[in-house]
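Structural characterization, general
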Amino acid sequence: MRLAGKVAIVTGGARHIGAAYCRRLAEEGAAVVIADILDGEAVANEIRARGGKALALKVDVSNEADTNRMAAEAVKAFGRIDILVNNAAIFINIERHPFYEISGEEWDKVSAVNIKGPFLCAKAVFAQMKEQKSGKIINISSSTAYWGTPNFLHYVASKAALIGMTRSLAREVGEFGICVNAIAPGLVEHEGQNAPAELTELQLKARSIKRLQTPDDLMGTLVFLCSSDSDFMTGQSIVVDGGSVFH
Ligand SMILES: NC(=O)c1ccc[n+]([C@@H]2O[C@H](COP(=O)([O-])OP(=O)(O)OC[C@H]3O[C@@H](n4cnc5c(N)ncnc54)[C@H](O)[C@@H]3O)[C@@H](O)[C@H]2O)c1
């Protein structure tokens, strides 16, 4: 129970890796706000059934009115905000194309959710974290940003943007006791994963640890970055990919 009494918002928490983050943060004692365009009630019910605290909110992270409501509802329900996990992204449903076939419209759609979303969510929780003089913001980037995965330029650029955002935001909010760090996972196997078989094979070959990555592989780093164990660490991006890319 390393996060007992803490309140965490996880965007994109209704399914897959985001839902796994919610379950684990709840197991560590945090009350969890599941903010997603999808219905997060099933994950919230699961957490409540195990004795935890959870609230599911319908939120589009690219919409500022929604992200402000998300922060307000979190405070109304649980009284504070200690952790923001910026996990929501357009990823699973993304179409992979050579860069010259990506339309400007598709580029804007990915950027609105994957870049503007984390910015708006950080902005929405800032006043509360500043008042508390503490907070942890964790941006979910991707090892694709270090690898430079082809046929995915809008997504890769969006995940690289989060590394810059993590560094820059860390410098702006450090004086208020707020830490901002990023996790860059490798290709994670879960039931919704639709990565081409060649990509999975390529990742396996490139990895130092020769096995598929699961959501569980990310949890130790997540809890560390959410807990006081990482209080003197900010602006950092941690690659958790079985030793595929190094930086
Ligand atoms: N799965 C992988 O291999 C992998 C690897 C590296 C990084 N990541 C990152 O991990 C995170 C989770 O990935 P996943 O595999 O679970 O993908 P996913 O597509 O299943 O999850 C994304 C979640 O975000 C939600 N979402 C999408 N648009 C939203 C919006 N506008 N507002 C609110 N919520 C929105 C979705 O409904 C979904 O629940 C993403 O940030 C992804 O980029 C995934």
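A quick note: this is a predicted structure, and the numbers were derived from the prediction, not measured.

Helix and strand counts for the chain come out as eight helices and seven strands. Taken against the 2.2 N^0.38 rule, which gives 18 Å for 247 residues, the C-alpha radius of gyration of the chain at 17 Å falls within 12% of a compact globule. Counting only C-alpha atoms, the chain reaches 45 × 35 × 35 Å along its principal axes. When the 247 residues of the chain are sorted by exposure, 53% land in the buried category. Considering only contacts in the chain between residues 6 or more positions apart, those separated by 24 or more positions represent 69%.

Ordered by their spatial adjacency, seven strands build an open sheet running β3-β2-β1-β4-β5-β6-β7, and the pairing between neighbours is parallel. Only two strands of the sheet have a single partner each, and these edge strands are β3 (54–58) and β7 (237–240). This sheet shows a mean twist of 20° between the axes of neighbouring strands, independent of strand direction. Looking at chain direction, strand β2 (residues 31–36) and β3 are connected through five bridges and run parallel. The residue of β3 that forms the bridge with Val 33 is Leu 55. Helix-sheet contacts for helix α3 (residues 64–78) involve β1 (7–11), β2 and β3, and the interaxial angle to β3 is about 160°.

In the contact formed by helix α1 (residues 16–27) and helix α2 (residues 41–49), the axes pass within 10 Å of each other and the chain directions differ by 20°. In terms of orientation, α1 lies roughly parallel with respect to α2. Considering the relative orientation of α1 and α2, their crossing is right-handed. For the pair α1 and α2, the contacting residues are Ala 19, Cys 22, Arg 23 and Ala 26 in the first and Val 43, Glu 46 and Ile 47 in the second. Split into classes, the residues belonging to the contact of α1 with α2 amount to five nonpolar, no polar and two charged.

Here we take up helix α8 (residues 219–226). Taken across its eight residues, α8 has six buried, putting it largely inside the fold. Among the residues making up α8, those that are buried are Met 219, Thr 221, Leu 222, Val 223, Leu 225 and Cys 226. Those residues of α8 hidden inside the fold are in contact with α1, β4 (83–86), β5 (135–140), β6 (178–185) and β7.

This brings us to the site of the ligand. Inspection of the region around the ligand gives 27 residues, with His 16, Asp 36, Asn 87, Tyr 155 and Val 188 positioned closest. The separation between an oxygen atom of the ligand and a polar main-chain atom of Asn 87 is 2.7 Å. Tyr 155 is positioned such that a nitrogen or oxygen atom in its side chain is 2.5 Å from an oxygen atom of the ligand. Relative to its free-state accessible area of 820 Å², the ligand is covered by the protein chains to the extent of 97%. Among the secondary structure elements, those contributing two or more residues to the shell around the ligand are α1 and α6 (153–173). Here the shell around the ligand is composed, by residue class, of 15 nonpolar, eight polar and four charged.

One finds Tyr 21, Leu 25 and Leu 222 to be the most contacted residues of the largest nonpolar core, which totals 30 residues. Elements supplying a minimum of two residues to this core: β1, α1, β2, α2, β3, β4, β5 and α8. Here this core gets seven residues from one element, more than from any other, and that element is α1. Among residues more than four places away in sequence, those in contact with Leu 222 are Tyr 21, Leu 25, Val 85, Ile 138 and Ile 183. Counting residues in hydrophobic clusters, the runner-up holds 25 residues, among them Ile 81, Ala 122, Leu 169 and Val 180.

Another aspect to go through is the environment of Ser 143. The topology assignment puts Ser 143 in the loop between β5 and α5 (144–147). Owing to a relative accessible area of 3%, Ser 143 belongs among the buried residues under this scheme. For the pair formed by Ser 143 and Phe 91, sequence separation is 52 residues and the distance between their alpha carbons is 13 Å. The residues contacting Ser 143, other than those within four sequence positions of it, are Ala 184, Pro 185, Gly 186, Gln 203, Val 239, Asp 241 and Val 245.

Conventions and cut-offs
Residues numbered from 1 in each chain as written. Predicted model: local features only at pLDDT ≥ 70, side-chain atom pairs only at ≥ 80, totals over all residues. Heavy atoms only, no water. Helix = DSSP H or I, 4+ residues; strand = E, 2+ residues; numbered from the N terminus. Rg over C-alpha atoms; globule rule 2.2 N^0.38 Å. Buried < 20%, exposed > 50% of the residue type's maximum accessible area, 1.4 Å probe, protein only. Contact = heavy atoms within 4.5 Å. Pairing = 2+ DSSP bridges. Axes fitted to C-alpha atoms, helices over the stretch in contact; angles between N-to-C directions. Parallel < 35°, antiparallel > 145°, perpendicular 65-115°, else oblique. Left-handed = near helix turned anticlockwise from the far one by under 90°. Nonpolar A, V, L, I, M, F, W, Y, C, P; charged D, E, K, R; others polar. Near = heavy atom within 4 Å. Polar contact = N/O pair within 3.5 Å; in protein donor to acceptor, adjacent residues only side chain to side chain. Areas by Shrake-Rupley, 256 points an atom, 1.4 Å probe, with all protein chains shown as cover. Core = buried A, V, L, I, M, F, W, Y, C linked by side-chain atoms within 4.5 Å.

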